[in-house]
Amino acid sequence: MKPIHRAAVIGAGVMGSGIAAHLANAGIEVLLLDMVPPNLGEGEKKDRGARNRWSQGGLDKALKARPAAFFHPSFARLVTIGNVEDDLERTADCDLVIEAIIEKLEPKQQLFARLEKIVKPGCVVASNTSGLRIAEMMSGRSEAFRKSFLVMHFFNPVRYMKLLELVAGPDTDPAVFDRVRRFGEDVLGKGIVVGKDTPNFVGNRIGVHAMLATIHGMVEMGLQPEDVDAITGPAMAHPKSASFRTADLVGVDTFVHVADNCYSSLTEDEDREIFKAPEFTRAMLEKKILGDKTKGGFYRKAKDGGFETLDPQTLQYRPKGGDEAIRKAIKSIEKIESPAERLKKLVADGGKAGAFAWKVLSRSLAYSARRIGEIADSVTAVDDAMKWGYNWELGPFESWDALGFADTVDRMVKDGIALPDSIKKMRASGATGFYQGDKVYDLIKGAYVARHVDPRNATFAILKRGDAPVLKNDGAEAWDLGDGVLGLTFKTKANSIDADVISMLGKAAEKAEEDYRALVIHNDGDHFCVGANLFLIVMAASNKDWEQIRSIVKAYQDATQRLKYARVPVVGAPWGMTLGGGLELCFACDSVQAAAETYSGLVEVGVGLLPGGAGTLNMLWRALEGVPEGAAINTQEIVTQVFKNIALAKVATSADEAKALGYFRKTDGVSFDRARQLTEAKARAVGLAASGYHPPAKRAYKLPGESGIATLRMMVDTLVAGGYASQHDAKIAAKVAEVLCGGVAGASREVTEEEVLELEREAFVSLCGEPKSQERMQYMLMNNKPLRN
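Right, let's walk through the structure included here. Since we're looking at a predicted model, the values are computed, not measured. (Residues numbered from 1 in each chain as written. Predicted model: local features only at pLDDT ≥ 70, side-chain atom pairs only at ≥ 80, totals over all residues. Heavy atoms only, no water.)

## Observations concerning the environment of leucine 78
Stage number 1. Within the secondary structure, leucine 78 is located in the loop between helix H3 (53-64) and strand S3 (79-83).
Stage number 2. With sequence-adjacent residues up to four places away left out, leucine 78 is seen in contact with Ala24, Gly27, Ile28, Glu29 and Val30. (Helix = DSSP H or I, 4+ residues; strand = E, 2+ residues; numbered from the N terminus. Contact = heavy atoms within 4.5 Å.)

## A look at the sheet that holds strand S10 (residues 307-310)
Stage number 1. The strand order across the open sheet formed by 3 strands is S9-S10-S11, and the pairing between neighbours is antiparallel. At either end of the open sheet lies a strand with only one pairing partner, and these are strand S9 (299-301) and strand S11 (317-319). For this sheet, the mean angle separating the axes of adjacent strands, direction not counted, is 40°.
Stage number 2. Sheet topology places S9 next to S10; 3 bridges connect them, and they run antiparallel. Paired with tyrosine 299 across the strands is threonine 309, a residue of S10. (Pairing = 2+ DSSP bridges. Axes fitted to C-alpha atoms, helices over the stretch in contact; angles between N-to-C directions.)

## Quick word on a nonpolar patch on the surface
Stage number 1. Together, Phe535, Leu536, Met539, Leu781 and Met782 make up a nonpolar patch on the protein surface, roughly 500 Å² of accessible area in all.
Stage number 2. Taken together, the elements giving at least two residues each to the nonpolar patch come down to helix H22 (534-542) and helix H32 (771-783).
Stage number 3. Top contributing element to the nonpolar patch by residue count: H22, with 3 residues.
Stage number 4. Looking at where leucine 781 falls in the secondary structure, it is placed in helix H32. (Patch = residues over 30% accessible without salt bridge, like charges linked within 9 Å, V, L, I, M, F, W, Y side chains within 5 Å. Areas by Shrake-Rupley, 256 points an atom, 1.4 Å probe, with all protein chains shown as cover. Salt bridge = Lys/Arg side-chain N within 4 Å of Asp/Glu carboxyl O.)

## Some points on the pattern of salt bridges
Stage number 1. What the rule picks out here adds up to 59 salt bridges.
Stage number 2. Between arginine 363 and glutamate 220 there is a salt bridge, with the nearest N and O atoms lying 3.2 Å from each other. Here arginine 363, found in helix H15 (residues 352-371), pairs with glutamate 220, found in helix H8 (residues 203-221); they are 143 residues apart in sequence, far enough to count as distant.
Stage number 3. Residue class for glutamate 220 comes out partly exposed when judged on its relative accessible area of 47%. (Buried < 20%, exposed > 50% of the residue type's maximum accessible area, 1.4 Å probe, protein only.)

## Some words on the side chain of aspartate 197
Stage number 1. The residue aspartate 197 is located in the loop between strand S8 (191-194) and H8 in this model.
Stage number 2. Setting aside residues up to four positions removed in sequence, aspartate 197 forms contacts with Leu132, Arg133, Ile134, Ala135 and Val167.

## Notes on H32
Stage number 1. With 13 residues, H32 ought to run about 18 Å at 1.5 Å a step, and its terminal C-alpha atoms sit 18 Å apart, in line with that.
Stage number 2. Of the positions making up H32, those classed as buried are Ser773, Gln774, Arg776 and Met777. Axial view of H32: buried residues confined to an arc of 160°, hence all on one face. Exposed residues lying more than 90 degrees from the buried face of H32 are Pro771 and Met782.
Stage number 3. On the buried face of H32, the contacting elements are H22, helix H23 (546-564), helix H30 (727-740) and helix H31 (753-768).
Stage number 4. Remark: asparagine 784 follows H32 within two positions and exhibits a positive phi of approximately 60°. (Expected span 1.5 Å × (residues − 1). Arc of directions from axis to C-beta.)

## Things to note about the side chain of lysine 682
Stage number 1. Considering the arrangement of structural elements, one finds lysine 682 in helix H28 (residues 677-690).
Stage number 2. A distance of 2.8 Å separates the side chain of lysine 682 from the side chain of aspartate 483, its partner in a polar contact.
Stage number 3. Setting aside anything within four residues of it in sequence, one finds lysine 682 in contact with Leu463, Leu481, Gly482, Asp483, Val485 and Val520. (Polar contact = N/O pair within 3.5 Å; in protein donor to acceptor, adjacent residues only side chain to side chain.)

## Description of the sheet that holds strand S13 (residues 439-442)
What holds strands together in a sheet is hydrogen bonding between their backbones, with the strands either parallel or antiparallel.
Stage number 1. With respect to topology, 3 strands assemble into an open sheet ordered S12-S13-S14, the strand pairing being antiparallel. At either margin of the open sheet sits one strand with a lone partner, and together these are strand S12 (435-436) and strand S14 (447-450).
Stage number 2. Examined bridge by bridge, S13 and S14 share 4 bridges and lie antiparallel to one another. Residue pairing across strands places aspartate 442 opposite alanine 447, the latter belonging to S14.

## Considerations on the environment of alanine 355
Stage number 1. Its place among the elements puts alanine 355 in helix H15.
Stage number 2. On the basis of relative accessibility, which here comes to 38%, the residue alanine 355 falls in the partly exposed class.
Stage number 3. For the pair formed by alanine 355 and methionine 221, sequence separation is 134 residues and the distance between their alpha carbons is 9.4 Å.
Stage number 4. Those residues in contact with alanine 355 that sit more than four places away from it in its chain are Met221 and Asp349.

## Describing the packing of aromatic side chains
Both the distance between ring centres and the angle between the ring planes are used here to describe each pair of aromatic rings.
Stage number 1. Inspection of every chain in the model, using the stated rule, returns 16 aromatic pairs.
Stage number 2. Plain terms: the ring middles of phenylalanine 112 and phenylalanine 145 are 6.4 Å apart, the flat faces sit at 50° to each other, and that makes the pair tilted. Of this pair, phenylalanine 112 sits in helix H4 (residues 105-116) while phenylalanine 145 sits in helix H6 (residues 143-147); the two residues are 33 residues apart in sequence, bridging distant segments of the chain. Like phenylalanine 145, phenylalanine 112 is buried. (Phe/Tyr/Trp six-rings, centres within 6.5 Å; stacked < 30°, edge-to-face > 60°.)

## A few points about unusual backbone geometry
Stage number 1. Here the amide bond leading from arginine 66 into proline 67 is cis, since omega sits at 5°, within 30 degrees of zero.
Stage number 2. Examined against the element boundaries, proline 67 turns out to sit in the loop between H3 and S3.
Stage number 3. In this model, leucine 315 sits at a positive phi of 60°, which is unusual for a non-glycine residue.
Stage number 4. With respect to the helices, strands and loops of the structure, leucine 315 is situated in the loop between S10 and S11.
Stage number 5. We classify leucine 315 as buried; its relative accessible area is 12%.

## A short note on the pairing of strand S6 (residues 149-154)
Every regular strand shows the same layout, with side chains that alternate between the two sheet faces.
Stage number 1. Burial runs high along S6: 6 of the 6 residues are buried.
Stage number 2. The alternating pattern of S6 places Phe149, Val151 and His153 and Leu150, Met152 and Phe154 on opposite faces, both of which are buried.
Stage number 3. The pairing of strand S5 (residues 124-127) with S6 spans 3 bridges and is parallel. Across the sheet, residue valine 125 finds its bridge partner in S6, namely phenylalanine 149.
Stage number 4. Sheet topology places S6 next to strand S7 (residues 163-168); 5 bridges connect them, and they run antiparallel. Bridging across to S7, leucine 150 finds its partner in alanine 168.

## Observations concerning the nonpolar core
Stage number 1. Counting 87 residues, the largest nonpolar core has Leu488, Leu505, Leu563 and Phe664 as its most contacted members.
Stage number 2. Leave out the neighbours within four places in its chain, and leucine 505 touches Leu488, Phe490, Tyr556, Ala559, Leu563 and Leu585.
Stage number 3. One finds Ala237, Val409, Met412 and Leu443 within the second-largest nonpolar core, a separate group that totals 82 residues. (Core = buried A, V, L, I, M, F, W, Y, C linked by side-chain atoms within 4.5 Å.)

## A look at the packing of H30 against H31
Stage number 1. Following both chains from N to C, one finds H30 and H31 inclined at 165°, their axes separated by 9 Å at the closest point. By the angle between their directions, the pair H30 and H31 is classed as roughly antiparallel. By crossing handedness, the relation of H30 to H31 is classed as right-handed. Residue-level inspection shows Ile732, Lys735, Glu738 and Val739 of H30 in contact with H31, the latter providing Val756, Leu759, Glu760, Ala763, Ser766 and Leu767.
Stage number 2. Taken together, the residues of the contact of H30 with H31 sort by class into 6 nonpolar, 1 polar and 3 charged. (Parallel < 35°, antiparallel > 145°, perpendicular 65-115°, else oblique. Left-handed = near helix turned anticlockwise from the far one by under 90°. Nonpolar A, V, L, I, M, F, W, Y, C, P; charged D, E, K, R; others polar.)

Right, dumping it as C-alpha cells:
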C-alpha cells in the first residue's frame, strides 16, 4: 500500500476547502486550487494575489468556519493555494488529486483531460461528485487514467461527518480502490461505505427519499414543521436537528438541488414522484429563504430571542407552536434511553405522532430494502451510511429490527406497501431480524452471512474478559481487558465524578499494580466526563459543612495523585466533553489517547469555583515540565498563560487544540476514528509497559509568589474596569492566582506539590462559602448553563 503524503484539491468551495482542511488535519500536504476569478482588471491579471483570490477565500472561510474545519489553525500551514491556470502542473508531485468543482459534467471532463497529461503514474484521481456517473466523467480518458480513478464522496462538514462513500468505476484497479479505502479509514478516520455508480449513491439516495417522504407526509396529514421535527428527531432515533432544522443547516437550495438531481436521473425508480420537491420549497428558493445561510429557512430567530416557524402555505413566519398532543407524546418518549425502545414506543403511539411516524418510516424502510443490489449490496452499508452521514442512531434495517421484523413486514403487507421478493423470502424463512449476533442477513444470497467487523473497532463490552468485573461499586467498574491491561469505566450519570468513582480510582490503581501491567480509563455514553457531581458540593455548601467539602476535595486530589504516581502506566481515553474533573483525571494519566473530537477545559470558574482535584497544580506542572533544569526563565509568563486558561475557562475544541493549550502533552495520541480509540488506548498502555515504564518523581518549582499575584490581579482589574469581568470573577481569579503563584512566599523557595495542593484545597473551600459562587452552582444545576454574576 503506497502511502499518500501529498494531495491536491481542485475547487475551493465549501466542500473542497473542507476536504483540504481535513487532509491537513491528518498531516497531509495539500495544494488547494480554484479558478482565476473572471473579469479581473488589467492591473490584477498578472497579480498572483488577485488570481488566487478564490482559493484564498476558500482557505480563509475554512479558517473562520464554525464549527471549525481545522483541528487547530496551525494545520492551515499545510495548505498551499493556487489556481488551475497557473498551478495545475504542480499536481505532478501529488499522490492524490480530488476534484470538487461545480456539479456539471463538461467542466469535470475538461479538468480530467488536463490532469491526465500532468499527474504521475500511480497518482489517484478522485471526484467528490454526488450524482454524476463515472462512465460519463471518464469519457475519452485512457485506460491507465481510468484505472486510477474513483469517486470519494465526503459529507459536509468533512471534519465531523464520518461517512466517506467510495465508488469504483468499471475500470478502477482493485488495488487502487483498496489503497484509498485504507487511506480513508486509517489516515482520515472515516467510515467507508462502498456504493455503486448510481445517482446520489447510498446516503443521499436513502436520506433524500426519507426527507421528501417526510415533507409529503406532512402535507398529506396537515401537520406543521415543528410537529414533524418533534416526531422525526430523537424519538425516531434521529438527531435533534430532525428534518426541517437539518434542511436549514444544509441549505434549502442544496436540498432541492439534490432532490432535482434524483428526480431527473431516476426515471425508472418506482418512487420517483417522491423525489419531486414540493412547490413551496421552490417558492422558498425564489424568495431566498434558504436556511441558516440567509438567517431564515423553515425557522428563524425572532427579535425577542425565540424562534419563529415558516408556514409552508403562506410562506410567512409565525411564533413557533405546534400540536400540543404531539409534543406531550414525544416528551415522554424522548426520556427513554434506548434508541430502539424509543422508536418502538413512537410507532406504537395511538395518536398523530405514531400514525405519522409509521407513515414515513414504512415508506423509508421498504424503499431501502428495494434498493439493495442497486445502490449497495448489503444492509450494513445502508445502515452505516445513514448513521455516519446523517447521524441517525439506527440505520433503516436496524430500525426494522427494533420494531420487530416479522410484525413490521406483516403490517406493511396489510397497508399495501410494496416489498421486494427478498424480504418476502426472508419472512417466509422464519428469520427474526436482519442482525443476529455476529451474522447479518444477506438479501441477495437469501441467507445469514458472517458480519465483517474491523477488529480495531472494539467497545468496552467487546474487550472485557470474564463474566464479572474485577472491581465494582455503584459508580464504576474495573474489568480485565486482556494483555495485562485493567480497564476502568464509570457508570454515573454523564460519567460525572462522585464518591464511588473517587474510591474506585484508588482501588483500580492498587489492583493494577498488584495483578496487571497497565491501567486504561475509558467511558461509554455521550461524553467522557462532564466533571464532578456538583450537587454534592451544593448541598454541603448550603449546610455550611466546610469540612465535608474539604474532605471531598482532598479525596479527589489524593485519587488523581495516586494515579499520577502509580507503578504501572495509566492511559486515559477522553472524548466528547472532558471538562473540569474529567480533564483533571486526564492530567493524572501518564499518557492520553484522545479522540480527535475531544472538547476539554477547566471550566470551574463558571460555577464560581477553581479546579480542586489537583487540576490547578497539574495544569501548571505540565506547563513547566518542558523547561530544562537551570534555564533562567521568567516563570511568570508560563504562570500567566495557565492562569488565562483557567480564569477564562478556555475550552479546546479538538484534541490538537488541547495540546496547544497544554491540556494534553504533545506526545499524546489522537484517534481520528473513535470506534478504534479504546483499542489504540490499550495498545498505548501495553507499549508503555513493554518499554520499561517507571513512575515519575515528584517535582518542586520556584513560583512567582507575591509579585506574581499582584501582576495577575492587575490584569483582572483591567477586565473588570472594562466591563469584561464582574467583581466576583475577580475574586475567583485572585484565588486562582494565589494558587498558581505558590502563595505569597512562592518565590522565596521551591514550592512542593503538597503545598500547592493545600492552597488549591483551601481556595476551593473558601469559594464554596461565597454567596455568589453558591448562586452560580445552583443556577448551573437548574439551567445547565453558567450564570454571570
